[in-house]
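Residue-level structural notes
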Amino acid sequence: MTQRTRETSMRMLDTFIKPMHPEGRKFVAIFAAATLLLFLVADILGWIGVGLTVWCYYFFRDPERVPPSRSGIIVSPADGIVSLIEKAVPPEELGMPGEALTRISVFMSVFNCHVNRMPVGGRVEAVAYRPGKFFNASLDKASADNERNSLRIRMPDERDVAVVQIAGLVARRIVCFVQPGDTLSTSERFGLIRFGSRLDVYLPEGVMPSVRVGQTMIAGETVLADLKVPDATR
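This report concerns the structure included in the present document. What you see is a predicted model, and the numbers here were worked out from it, not measured in a lab. (Residues numbered from 1 in each chain as written. Predicted model: local features only at pLDDT ≥ 70, side-chain atom pairs only at ≥ 80, totals over all residues. Heavy atoms only, no water.)

**Considerations on the sheet that holds strand β5 (residues 122-130)**
- Across the sheet, eight strands lie side by side as β9-β5-β6-β7-β11-β3-β2-β12; this open sheet has antiparallel pairing. Two strands lie at the open edges of the sheet, namely β9 (183-184) and β12 (216-217), each paired on one side alone.
- The sheet contact formed by strand β6 (residues 148-154) and strand β7 (residues 160-167) spans seven bridges and is antiparallel. Paired with L151 across the strands is V163, a residue of β7. (Pairing = 2+ DSSP bridges. Helix = DSSP H or I, 4+ residues; strand = E, 2+ residues; numbered from the N terminus.)

Structure (structure tokens):
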């Protein structure tokens, strides 16, 4: 095999095989152990278990992401589809002014990568968890009623961006890796949600979205809004 062929093969493998987030290791191990037991019962059940184990690994995949190089942008914190764009007041537990801001909701299906990334660089001013219900995350009422974990991020220009992890119909575990006082860069990992969910981003006052409902998002890469573009030019 030539060097060029080996490099091509490695690139093809990288396309299909992604690193897995450590949070998923125990779940893949549980699925794999269950699969072995299923093979003892019937081959067909065992192969179903193999498929589910591969899906579990795929769910917890954690590919590297490269944010846009230009400054002054807000990127998507999650893979998925833009399900809602509307005016809403940020969660009260964050202590932000009670004024409606533009909220962009990104819905993640069970087939999306569920590692969440910082929409902007800055200091984490507040992290607030609130228990709640488990409505379908694509519904508007999920923002108000579902279990959630909210972050308030202070950008270098002293403006705030809020990002909210929202549990969904089958999601039962929100994981957050950061705490108040942490300073992170755009696209750095800050958490994940297990098995289907949604993330809301509240843009600063006067900032307009650069995306539309139905658009596909890539966490840490797709630009949600440009802080430097005046409303009048849109």
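**A few points about the nonpolar core**
- Formed by 29 residues in total, the largest nonpolar core has its most connected members in I74, V163, F190, L199, V201, L203 and L224.
- The set of elements that each furnish at least two residues to this core consists of β3 (101-108), β6, β7, β10 (189-193), β11 (197-202) and β13 (223-226).
- Among residues more than four places away in sequence, those in contact with L224 are I74, V75, S76, P77, I104, V201, P209, S210, V211 and M217. (Core = buried A, V, L, I, M, F, W, Y, C linked by side-chain atoms within 4.5 Å. Buried < 20%, exposed > 50% of the residue type's maximum accessible area, 1.4 Å probe, protein only. Contact = heavy atoms within 4.5 Å.)

**Looking at the environment of W47**
- Tracing the chain through its elements places W47 in helix α3 (residues 43-59).
- Sequence-wise, W47 and L36 are 11 residues apart; in three dimensions their C-alpha atoms are separated by 9.6 Å.

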